[in-house]
Amino acid sequence: MRVLRHPVAWVDPAAAYAALHRDDPHSFWLDTAAPRPGEPGRTFLGGGTPVVGPDPLSVLERAPGAEVLGWVGWLGYGYARGTLELPALSESDLPDAGLLEVSRLIRFDHATRTVELIVAGDAWTPEALRWRDETVTALRNAAPVAPRAAPTLRPAHWRTDDESYLAAIGECLAAIRRGDAYQLCLTDEARVATDEHPLDLYVRLRERSPSHRAALLRTGDVALLSASPERFLSIGADGRVSTSPIKGTRRRDPRADVDDRLRHELLASDKERAENLMIVDLMRNDLARVCEVGSVAVESLFDVESYPQVHQLVSTVTGRLASGRTTVDAVRAVFPAGSMTGAPKRRAVELLDALERRPRGPYAGAFGFLRADGPAELAMTIRTIVLADGVARVGSGGGITAPSDPLEELEEKKLKARVLLEVLGSR
């Protein structure tokens, strides 16, 4: 893949997005992890052309033109109808995918405080030069964007009331006792009416809940604003594949001693470790479908990652793509991620669809970028606000296993949604 680069002076990504894409319904702002832990990460932003068709990933399997850098966007949970061959899975009023084909973007490196304009191609065509010059001028004149205060309190309406959610947990436990599943990731959805601009909400979310896998993605009438902590799939140029399922949660506490106790409680919990291990095994099996024999391994098991609101139990599974296998093959083999379904995956999805009695929409899917030359970085669509038709949707839930305490599971669902609802001016 050949690209053209043009360096420009440092500008804050929020100011750049506001100057270039505030009114662009097909645009993206991705915040990605740093190359090494503890270092500042990178930001990519730009606009693109919507990918259309019944299976958007099939477009990615065709040989891209030299003018294509790659694709940015999201796959909704409903995409599992194809990957798991479950045509009866509840259908959302929102699309199952929102992908943009990208030929130019802006790359921000927060460690070196450098900014580059990047264009696919061998030479600066008149069109590319015009975009470069217009972008340079817009960035030079970009005004700072400060986070705005949350609006006056707005009510949040959960699709399932507490009593019904507890009853659904009971149904999950009964299914586990019958041997229908080992784990079920039960979820719910809160809705809040809002007329705020996606950029204003994302700037506030980014300040309140910083994450190394975050995004503002706008694809037509849908906007996805995420502060996701969880990697779905990383695929390198060498074919190395990595996934980092999260299962196990404890709240953070401002008191250092209590916070440390909660962290160690999470790490020592037999229930949380068993829950995590079940999904690790599921992801090992999924990756084995597309990876070289013997290459799939558990790189780390039961690490604790701490975020502003929660401690999370995280493991990492890796492998290497087998000869002839592609990034799209890997996505299809693993989607939807086991951390949002349970195990065994196909049966868990069927049970959850019947219990939740609603489609999940973009929530519980994946988002990120897939480069035209193969590498990809995709995160789980959790800790996410989905905007459509003047309504913000916030999905939340947790894994149910045999030792689960229903009241604790109910509280975990609310804990994970709390900061997102606060960003919306709700609770």
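Residues numbered from 1 in each chain as written. Predicted model: local features only at pLDDT ≥ 70, side-chain atom pairs only at ≥ 80, totals over all residues. Heavy atoms only, no water.

Looking up the protein chain in an unreviewed UniProt entry gives the name Anthranilate synthase component 1, with the organism given as Diaminobutyricimonas aerilata.

Caption draft 1: Representation of the overall build of the protein chain. Scanning the protein chain from N- to C-terminus turns up eleven helices and 22 strands. A compact globule built from 427 residues would reach a C-alpha radius of gyration of about 22 Å, and the protein chain, at 21 Å, matches this within 12%. In terms of its C-alpha atoms, the protein chain occupies a principal-axis envelope of roughly 65 × 55 × 45 Å. Taking all 427 residues of the protein chain together, 57% fall into the buried category. In the protein chain, of all internal contacts separated by at least 6 residues, the share reaching a separation of at least 24 is 74%. (Helix = DSSP H or I, 4+ residues; strand = E, 2+ residues; numbered from the N terminus. Rg over C-alpha atoms; globule rule 2.2 N^0.38 Å. Buried < 20%, exposed > 50% of the residue type's maximum accessible area, 1.4 Å probe, protein only. Contact = heavy atoms within 4.5 Å.)

Caption draft 2: Looking closely at the packing of aromatic side chains. Taken as a whole and judged by the stated rule, the model has six aromatic pairs. For the pair Y79 and F335, a centre-to-centre distance of 5.7 Å together with 75° between the ring planes defines the contact as edge-to-face. On the criterion of sequence distance, the pair formed by Y79 in the loop between strand 5 (70-75) and helix 3 (80-83) and F335 in the loop between helix 9 (327-334) and strand 18 (342-343) is long-range, its members being 256 residues apart. For the pair formed by Y79 and F335, the shared burial category is buried. The rings of Y17, W29 and Y202 are connected pair by pair, giving a single aromatic cluster. The positively charged end of R132 is found above the aromatic ring belonging to W124, 4.9 Å away from the centroid. Taking NZ or CZ as reference, K413 lies 4.3 Å from the ring centre of Y165, over its face. (Phe/Tyr/Trp six-rings, centres within 6.5 Å; stacked < 30°, edge-to-face > 60°. Lys NZ or Arg CZ within 6 Å of the ring centre and 35° of its normal.)

Caption draft 3: Summary view of the UniProt feature "domain: Chorismate-utilising enzyme C-terminal" (unreviewed entry) in the protein chain. The positions that UniProt labels "domain: Chorismate-utilising enzyme C-terminal" (unreviewed entry) are, in the present scheme, residues 162-416. Measuring from the first to the last C-alpha atom of residues 162-416 gives 15 Å, for a span that is 36% helix and 35% strand. (UniProt positions renumbered as here; feature names shortened; annotations may be inferred.)

Caption draft 4: The arrangement of the packing of helix 6 (residues 198-208) against helix 11 (residues 406-423) in detail. With their axes 9 Å apart at the nearest point, helix 6 and helix 11 run at an angle of 135° to one another. Considering the angle they form, helix 6 stands oblique to helix 11. Read as a crossing pair, helix 6 and helix 11 show a hand that is right-handed. For the pair formed by helix 6 and helix 11, the contact residues are L201, R204, L205 and R208 on the first element and V419, L420, E422 and V423 on the second. (Axes fitted to C-alpha atoms, helices over the stretch in contact; angles between N-to-C directions. Parallel < 35°, antiparallel > 145°, perpendicular 65-115°, else oblique. Left-handed = near helix turned anticlockwise from the far one by under 90°.)

Caption draft 5: Seen up close, the pattern of salt bridges. Inspection of every chain in the model, using the stated rule, returns 41 salt bridges. Of the charged contacts, one joins R251 and D253 as a salt bridge, the two residues approaching to 2.7 Å between their closest N and O atoms. For R251, a relative accessible area of 37% puts it in the partly exposed group. Residue class for D253 comes out buried when judged on its relative accessible area of 9%. Of the charged contacts in the structure, one is a salt bridge between E409 and K271, with a shortest N-O distance of 3.0 Å. (Salt bridge = Lys/Arg side-chain N within 4 Å of Asp/Glu carboxyl O.)

Caption draft 6: Examining unusual backbone geometry more closely. A cis amide bond links F335 with the next residue in sequence, P336, at an omega value of -10°. With respect to the helices, strands and loops of the structure, P336 is situated in the loop between helix 9 and strand 18. Note the cis peptide between A343 and P344, where omega equals -10°. Residue R113 is not a glycine yet carries a positive backbone phi of 55°. Topologically, R113 is positioned in the loop between strand 7 (104-109) and strand 8 (114-120).

Caption draft 7: How the structure looks around the pairing of strand 2 (residues 26-32). With six of seven residues buried, strand 2 lies mostly within the body of the structure. Bridge count between strand 2 and strand 11 (residues 213-219): six bridges; the pairing is antiparallel. In the strand pairing of strand 11, F28 is matched with L217. (Pairing = 2+ DSSP bridges.)

Caption draft 8: Region of interest: helix 7 (residues 256-268). Counted at 1.5 Å a residue, the expected span for helix 7 with its 13 residues is 18 Å, and the 18 Å between its end C-alpha atoms agrees. Those residues of helix 7 lying buried are V258, D259, L262 and L266. The buried residues of helix 7 occupy an angular sector of 100° when projected down its axis, which confines them to one face. Away from its buried face, by an angle of more than 90 degrees, helix 7 presents the exposed residues A256, D257 and A268. Elements that come into contact with the buried residues of helix 7 comprise strand 15 (246-251), helix 8 (270-288), strand 16 (297-306) and strand 17 (310-320). (Expected span 1.5 Å × (residues − 1). Arc of directions from axis to C-beta.)

Caption draft 9: Expanded view of the environment of T160. Relative to the helices and strands, T160 is located in the loop between strand 9 (157-158) and helix 5 (162-178). It is 41 Å that separates the C-alpha atoms of T160 and I106, two residues lying 54 residues apart in sequence. Non-local contacts of T160, meaning those with residues more than four positions away in its chain, are made with Y165, D188 and K413. Of note is the side chain of T160, whose polar atom sits 3.2 Å from the side chain of D188. (Polar contact = N/O pair within 3.5 Å; in protein donor to acceptor, adjacent residues only side chain to side chain.)

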